[in-house]
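Tertiary structure, described
Residue strings, one per chain:
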Amino acid sequence: MTPLLEVRGLRKHYRVAKRGMIERGQSGVVRAVDDVSFVLQAGQTLGLVGESGCGKTTTARSILDLVPADAGEILLDGRDVRPILAGTDRTAMLAVRRRMQYVFQDPYLSLNPRWTINEALREPLRVHAPQHQRDWDGRIAALLETVGLEPRNGVRYPHEFSGGQRQRVGIARALAVEPDVVLLDEPVSSLDISVRSQILNLLAALQDQLGVAYVYISHDLSSVRFISTHVAVMYLGRIVEIGAVDEIFARPRHHYTAALISAIPVPSPGAVDRRVHLRGEVPSAMNRPTGCPFHPRCAAALPICREQDPALQPMGPKTQAACHNPA
Amino acid sequence: MDADLVPAASAETTPPRRPPSGAWRQSWHRFRRNRAGMIGLFLVVLVVLTAIIGPFAAPYDPNDNSAMLRGAANAAPSARNWLGTDRNGYDVLSRAIYGAPTALAVGLGAMLIASLIGVLVGGVAGYIGGFTDEALMRGAEFFMIVPVFVVILAVVRLFGIIVVGTALERIPNLNLMTIILLLGLFSWPQIARMTRAEFLRLRHAEFVEAARCIGTTRREILFRHILPNALPPLIVLVALGIGGAILAEAMVSFLGFGDPKSISWGQMLFFNYQALKVAPWACLVPGAAIFITVLGFNLLADGLTDAFNPRLRA
Amino acid sequence: MAGQLAPLLAVEGLKVHFHTRDGVVRAVDGVDFQVAPGQTLGIVGESGSGKTVSSLALLRLAPPPARIVAGRVLFEGEDLLRQSDKRLAQIRGRRMAMIFQNPATSLNPILSIGQQLTEILRWHTGVSRQAALDRAAELLALVGISDPAARLRQYPHELSGGMKQRVGIARALLCEPALLLADEPTTALDVTIQAQILDLLAELRQRLAMSMVLVTHDMGVVARMADRITVMYAGRVCETADAATIFNAPQHPYTRALLQSMPRIDHSYSGARRVLPSIAGRPPDLLHAPPGCRFHDRCPEAAPECRRVMPREHLLAPGHSVSCLRRGSPGEDAP
């Protein structure tokens, strides 16, 4: 079955020329997204996890051409849409954009402060359905209700709402064009903890109702576990492990995944310490270690890990990991 | 998650207590609470009203020097001439009133020119970036390096000489217009830089990215998202610039390079400073007028800065 | 209270109000907690709960428009709120030290690490510059920074987030304080670095027999680090108990609801219907604080009186106190 969304070999490298007194005359390449591939079916959620600098946000942005990728294919129903997004044919571009939308992390910054909520929701309708102008108001009201806001508050401005409510508006805006895929970048990280569960529930319910697929980016593994069907773990621009959510969490094969999962403090005092202790810190993206990028910090590193960069290999029916010495 | 030291007051969304307020109205509310800003606004309104209504209410024609014929030049303030007369027998009050529209014309005219050029140049530089940006900014720097004042003096004098005997001479207030044009031409770099900075910042703003995600055209993004959000700091610069332009014209005129046929406060100072000991009111009045006007615009700019950038204060 | 020892720190009735143009925000409105010697108290709550303001108020570090309007902070026999600024300056950094949330902004960017650390040492103990540098290097090694001598000459921007936070910890420990205040020390850090820093703190408090107050919104962090936990909401304390009780048998409706609403990393959600038991509504506007219990509008067990009467803290069981009318707390006479 042709997947709804398939990303193949996505790449984004930044050239950095470093001048100045601190790092004299070094220049290098930051491999922000380095050959990332994954597959997503309708109604599924891929959780994209990793720490800062791993490239998860850049990946999502590249998929929507907010950041132009250097190479790779983005297949919607089997057809490569990357050239369309970057191209000049506006009609074709709009047809693609209609199917993939984005929810931003910061609910304060992702809405134009000088526009009312109604105006913010009207924009996607204006761009994609200009001929149905008469139906816009009804659609906006329906959208607000779907995300749990009262339609009559649409005349208000973003600053009059709380963070959780603004995030609901952001979700409503993404859903306005009835997309097939929604990429969400840390949608609950900026929200109060007592409000996060509301938004997570909303996202889950919307997915059940509308059959939309999510790419859910987060560093908060517990919310990822809740919302995802599959998980991809990124490190220094690569996917190091990918698979079904329960498999990944119950039995991580890559040592970084294991460290990441074990590093999250569990809200149960006296829980058994299954910590995988990592040495050192994430290396600068410019000084990427040879061989496996994770080997300097890995307690299970073998000599081969320093020389050969492992490729993703199947580790079971539902997971793949890039490791010479998997757990 | 940053823990705010002062928890923000979250709004009610069930029964609204007050009508929805956009960002502009919110800024206005904040402005109203700023005392300095309100004083500035009051002063500016005062000057504007003087400029509009004054000429109809002035007691004398500003060019009426009949007092000289009566030997009442340099007369102290009296019931007849509330603020006295000056060296040429003009009524000081009337001339001061007529100076107001001149000052405003200078300020607004110069800033209009500066804004048009500045926003265009800065906007293009900020939005397009790259080589265009570099080139435009070097051009702006050229205008900033040039010693503005000296150039204005030189050009005005030169222009004045060239024009003598030609048809251009008959254009009223030509000299003044030259000054306004020059002031505008040398004030645009500041506005351009601010515009550029705002455009650079807003280009990467998340709500702009959201618009790109949706597929909004570049032009719509520019005019409906970026420009309205770039306006606040520009408005502040313009307010300050108006005050600055008025002051600059006053200086130019005071040095004798102004337009002798126009009635401006600087001109009044130029005519009357030699008689300072004998008729101080003839200089104090225009001096005070300049002071009040420039102060007004500066306080207004202060108030606007605070209104657009709310900070929490006890 | 743990044991018969007198508490090292006892906060009673702390009230911190913000006098803003829009009105008075009662950010901390009558808060009590204690820390016994050698114990770690976790203060947990979301943004707006008043936890950060409380911790800052202990050392009178909350900037205006914050004003401490009531309460006592008893530390080593003195009420810190009644001491002179001079006395407080002697205590800060020496007997009670603080580490902050954002390591990037809590270090002075224009001074080298060595300069910042030695400055503190010399101010408090008057030792020579070389002795101060040696001590600083010792502490950098203690917090797990490699090559301390070289680090002393570096500037904050040359260090990673995790390293900066280690420096922050070293700075706090320079004079061997009896009590360490940590305000969200790991929130700004990556998860694996967070784990390293928490390990470090756990080890240090053991080694130096130090008490700690750990302020955070992360329940997992307090589960790992705290002996006792105080749960705060909207400027008031909901519940205080030892860690096991809070997690296994919480009594306050907010604590219960919060724990239930959090997705768990050790729990599978691949079932038919994924729903987290969530808390309706959102934290109250402290500018117009309701007269009664601050949680009543979101509480699944709220009774009519909860809206009018503010519950007072009362002891449910030894070492376990709760502020809830529905759990038997008496009302406060005045809010």
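Residues numbered from 1 in each chain as written. Chains lettered and ligands numbered in written order. Predicted model: local features only at pLDDT ≥ 70, side-chain atom pairs only at ≥ 80, totals over all residues.

1. Thoughts on the overall build of chain C
Looking only at helices and strands, chain C has 11 helices and 12 strands in total. Here the C-alpha radius of gyration of chain C, 21 Å, is about what a compact globule of 335 residues would show, namely 20 Å. With the C-alpha coordinates aligned to their principal axes, the bounding extent of chain C is approximately 65 × 55 × 45 Å. Expressed as a percentage of its 335 residues, the buried residues of chain C come to 51%. (Helix = DSSP H or I, 4+ residues; strand = E, 2+ residues; numbered from the N terminus. Rg over C-alpha atoms; globule rule 2.2 N^0.38 Å. Buried ≥ 20, exposed ≤ 12 C-beta atoms within 10 Å, placed from the backbone.)

2. Re the overall build of chain A
The number of helices and strands found in chain A is 11 helices and 12 strands. Counting only C-alpha atoms and orienting by the principal axes, one finds that chain A spans roughly 65 × 50 × 50 Å. For chain A, the residues scored as buried account for 52% of the 327 residues in total. Counting contacts in chain A only where the partners sit at least 6 residues apart, residues at least 24 apart contribute 65% of the total. (Contact = placed C-beta atoms within 7 Å.)

3. What about the interface of chain A and chain C?
Across the boundary between the two partners, chain A contributes 37 residues, which contact 38 residues of chain C. Looking at the side of chain A that touches chain C, the elements that each hand over two or more residues are helix H7 (193-210), helix H8 (221-227), helix H9 (245-250) and helix H10 (255-263) of chain A. The dominant element in the side of chain A that touches chain C, judged by the number of residues it contributes, is H7(A), at 8 residues. Looking at the side of chain A that touches chain C, its residues break down into 19 nonpolar, 12 polar and 6 charged. (Nonpolar A, V, L, I, M, F, W, Y, C, P; charged D, E, K, R; others polar.)

4. Quick notes on the environment of C:His157
All names here are of chain C. Along the chain, histidine 157 falls in the loop between helix H6 (148-152) and helix H7 (161-173). Assessed through the 11 C-beta atoms surrounding it within 10 Å, histidine 157 is described here as exposed. Counting along the chain gives 50 residues from histidine 157 to leucine 107, while the straight-line C-alpha distance between them is 9.5 Å.

5. Let's talk about the nonpolar core
Residues A:Val215, A:Val233, C:Val213 and C:Val222 are the most contacted members of the largest nonpolar core, which totals 207 residues. The dominant element in this core, judged by the number of residues it contributes, is helix H8 (residues 191-208) of chain C, at 7 residues. Once you skip the residues sitting within four places of it in the chain, A:Val215 turns out to touch A:Leu40, A:Leu46, A:Leu48, A:Ala60, A:Val181 and A:Leu183. (Core = buried A, V, L, I, M, F, W, Y, C linked by C-beta atoms within 7 Å.)

6. Things to note about the packing of H10(A) against H8(C)
Close contact between H10(A) and H8(C) brings their axes to 8 Å; oriented N to C, the two are set at 55°. Relative to H8(C), the element H10(A) lies oblique. When you trace H10(A) past H8(C), the crossing you get is left-handed. Only C:Val191, C:Thr192, C:Gln194 and C:Ala195 of H8(C) make contact with H10(A), whose side of the interface consists of A:Ala259, A:Leu260 and A:Ala263. Taken together, the residues that form the contact of H10(A) with H8(C) break down as 5 nonpolar, 2 polar and no charged. (Axes fitted to C-alpha atoms, helices over the stretch in contact; angles between N-to-C directions. Parallel < 35°, antiparallel > 145°, perpendicular 65-115°, else oblique. Left-handed = near helix turned anticlockwise from the far one by under 90°.)

7. Digging into unusual backbone geometry
All names here are of chain C. Going from proline 64 to proline 65, the amide bond is cis rather than trans, its omega being 15°. One non-glycine residue, alanine 209, lies in the positive phi region at around 50°. Within the chain, alanine 234 stands out as a residue other than glycine whose phi angle is a positive 50°. Overall, alanine 234 belongs to the buried group, with 25 C-beta atoms counted inside 10 Å.

8. Focus on the packing of helix H4 (residues 92-128) of chain B against helix H11 (residues 281-308) of chain B
Residue and element names in this part refer to chain B. Two elements in contact, H4 and H11, have axes whose closest approach is 10 Å; the angle formed by their N-to-C orientations is 30°. Compared by their axis directions, H4 and H11 come out roughly parallel. Relative to H11, the crossing made by H4 is right-handed. Seen from H4, the contacting residues are Val92, Ala96, Gly99 and Ala103; seen from H11, they are Trp281, Ala282, Val285, Pro286, Ala289 and Thr293. Looking at the contact of H4 with H11 residue by residue, the classes come out as 8 nonpolar, 2 polar and no charged.

9. Examining the environment of C:Glu203
Tracing the sequence through the fold places C:Glu203 in helix H8. Along the chain, C:Glu203 and C:Ala280 lie 77 residues apart, while their C-alpha atoms are 39 Å from each other.

10. Remarks on the sheet that holds strand S1 (residues 9-20) of chain C
All names here are of chain C. With antiparallel pairing, the 4 strands of this open sheet are ordered in space as S2-S1-S4-S5. Only two strands of the sheet have a single neighbouring strand rather than two, namely strand S2 (23-35) and strand S5 (78-79). In the sheet, S1 pairs with S2 via 9 bridges, with the strands oriented antiparallel. In the strand pairing of S2, valine 11 is matched with phenylalanine 33. Against the sheet, helix H1 (residues 51-58) engages S1, S2 and strand S4 (66-75), with an angle of about 70° to S2. (Pairing = 2+ DSSP bridges.)

11. Things to note about the confidence of the model for chain C
Confidence in the prediction of chain C, expressed as mean pLDDT, is 89, and 97% of residues score 70 or more. This complex was scored by the predictor with a pTM of 0.84 and an ipTM of 0.87. (pLDDT = per-residue confidence, 0-100.)

12. Topic: the pairing of strand S3 (residues 45-49) of chain A
Residue and element names in this part refer to chain A. Taking burial as the measure, the 5 residues of S3 include 5 buried ones, the bulk of the element. The alternating pattern of S3 places Thr45, Gly47 and Val49 on one face and Leu46 and Leu48 on the opposite face, and all of these are buried. Of the strand pairs in this sheet, S3 and strand S8 (residues 213-218) are connected by 5 bridges, and their pairing is parallel. Opposite leucine 48, over in S8, you have isoleucine 217 as the bridge partner.

13. Quick notes on the sheet that holds strand S6 (residues 100-103) of chain A
Residues and elements named next belong to chain A. Taken in spatial order, the 8 strands of this open sheet run S6-S7-S8-S3-S9-S10-S12-S11, and their pairing is mixed. Sheet topology places S6 and strand S11 (313-314) at the edges, where each strand pairs with a single neighbour. Inspection of the sheet shows S3 paired to strand S9 (residues 230-235) by 4 bridges, in the parallel sense. Note on S9: the bridge partner recorded for leucine 46 is histidine 230.

14. Some details on H4(B)
Between its terminal C-alpha atoms H4(B) stretches 53 Å, which fits the 54 Å expected from 37 residues at 1.5 Å a residue. A positive backbone phi angle near 70° is found at B:Gly129, which sits one or two residues after H4(B). (Expected span 1.5 Å × (residues − 1).)

15. Some thoughts on the environment of C:Val215
All names here are of chain C. In this structure, valine 215 sits in strand S8 (residues 211-216). By C-beta crowding, valine 215 is classed as buried, having 29 other C-beta atoms within 10 Å. Counting along the chain gives 174 residues from valine 215 to leucine 41, while the straight-line C-alpha distance between them is 8.4 Å. If we ignore the near neighbours within four places in the chain, the residues touching valine 215 are Ile43, Lys51, Thr52, Ser55, Ala182, Asp183 and Glu184.

16. Overview of the confidence of the model for chain A
Residues of chain A with pLDDT of at least 70 account for 96%, and the chain-wide mean is 89. When pLDDT is averaged over each helix and strand of chain A, the minimum, 88, is found for strand S2 (residues 27-40) of chain A and the maximum, 96, for S3(A).

17. Notes on helix H6 (residues 163-175) of chain A
With 13 residues, H6(A) extends 18 Å from end C-alpha to end C-alpha; this agrees with the ideal 18 Å at 1.5 Å per step. Of all 13 residues in H6(A), 13 are buried, a share of seventy percent or more.

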